[in-house]
Amino acid sequence: MGIHSKIRKLFADYLRSKGFIELPPVILSPITDPLNHPTAAAQVKCYGKTYQLMQSMIFHKQIAMLYLDKIFVFSPNIRIEPSRLRRTGRHLFEFTQLDVEVRNADREEVMKLCEEMIVNVIKSIKREDGDKLEFLKRRLIIPDPPFKRITYKEVYKKYGKKFEIIVSKKADAPVWIVDIPIDAREFYDREDPNNPGFLRDMDLIYPEGYGEALSGGEREYIYERILYRIRKKNMDISRFKEYLRIAKKGLYPSAGFGLGIERFTRFICGLKRIEDTTLFPKIPGRLCL
Ligand code: ASN
């Protein structure tokens, strides 16, 4: 918990030093990230209206770009995943995502920011919390940017469906997976005009088998494109009407990412199970405090 707490401080300090403004998290809203995998609905009624608990603040980040050009949020997310996922050691149904978004940025810019931020935080932890790492018997290697990049197509061809964990186990430094196919992601990540069917997005994979660190990319921001992408997913437009009303008036181009704080803590501390990174872990399928 000491390292977990320090990690939050270091990320915030780094982002503030680069001119980012921290937003308070949104917990309830009529709109949230639909995600690209099944989760059970988490909703509450307030004043007769239905609110969702945040699965991610993606739409709020895009809307925030109308007012601010560089933002971050420590965003608590609720994702009621299938209970079998508790065995992965990487899933909690309540976790905190460091959500970042930059107006008028492209993917390259945001990837560079991620690399610098992660290297900076790892260096500080090694310098300031060496005793804690020693207690945990964790030998942390400072990665050297730019991190290696592989396209989704390449890794899929090489390793098949379970590529993420295979890439992670083989790697001794973080690895980017870029150009994710349109069907494998949500509608809000921008389709690459020069590579139709693939997105201008990326995932970062930790080395040593720790799995996914973050995902992000450039966003669809043109109203007609957003509508087209929602329809392509066979999703009901009315689910996103509050977002679409604002998108119709105009959104800025932006790019950003979300990094799981508990997963980062697990990687830094070299822990087997994510529930050991925090005091009140929400383990899928269990009744938790
Ligand atoms: N927060 C992520 C992003 O910015 C999205 C997600 O969590 N699904 O791309």
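Structure first, text after, so check above.
A few points on the structure.

Parameters and conventions
- Residues numbered from 1 in each chain as written.
- Predicted model: local features only at pLDDT ≥ 70, side-chain atom pairs only at ≥ 80, totals over all residues.
- Heavy atoms only, no water.
- Pairing = 2+ DSSP bridges.
- Helix = DSSP H or I, 4+ residues; strand = E, 2+ residues; numbered from the N terminus.
- Contact = heavy atoms within 4.5 Å.
- Axes fitted to C-alpha atoms, helices over the stretch in contact; angles between N-to-C directions.
- Phe/Tyr/Trp six-rings, centres within 6.5 Å; stacked < 30°, edge-to-face > 60°.
- Buried < 20%, exposed > 50% of the residue type's maximum accessible area, 1.4 Å probe, protein only.

1. Observations concerning the sheet that holds strand 10 (residues 212–218)
And then number 1: Spatial ordering of the open sheet is given by 1-5-6-11-10-9-8-7, a layout of eight strands whose pairing is mixed. A single partner strand is all that each edge strand has here, and the edge strands are strand 1 (21–22) and strand 7 (148–151).
And then number 2: Sheet analysis places strand 5 (residues 70–78) next to strand 6 (residues 94–103), joined by nine bridges and oriented antiparallel. Residue pairing across strands places K70 opposite V102, the latter belonging to strand 6.
And then number 3: Relative to the sheet, helix 3 (residues 107–128) contacts strand 6, strand 7, strand 8 (175–178), strand 9 (201–205), strand 10 and strand 11 (254–260), its axis offset from that of strand 11 by approximately 30°.
And then number 4: With respect to the sheet, helix 5 (residues 152–159) is in contact with strand 7 and strand 8, its orientation differing from that of strand 7 by roughly 75°.

2. Looking at the packing of aromatic side chains
And then number 1: One pass over the full model with this rule turns up 14 aromatic pairs.
And then number 2: Pairing Y152 with F163 gives two aromatic rings, centres 5.0 Å apart and planes at 75°, and the pair type is edge-to-face. Of the two residues, Y152 sits in helix 5 while F163 sits in helix 6 (residues 163–170), which places them 11 residues apart along the sequence.
And then number 3: You can call Y152 buried: its relative accessible area is 17%.

3. A look at unusual backbone geometry
And then number 1: Cis geometry is found at the peptide bond from P145 to P146, where omega equals -5°.
And then number 2: Among the structural elements, P146 can be located in the loop between helix 4 (130–135) and strand 7.
And then number 3: Phi at D179 is positive, roughly 60°, even though this residue is not glycine.
And then number 4: Mapping D179 onto the fold places it in the loop between strand 8 and strand 9.
And then number 5: You can call D179 buried: its relative accessible area is 15%.

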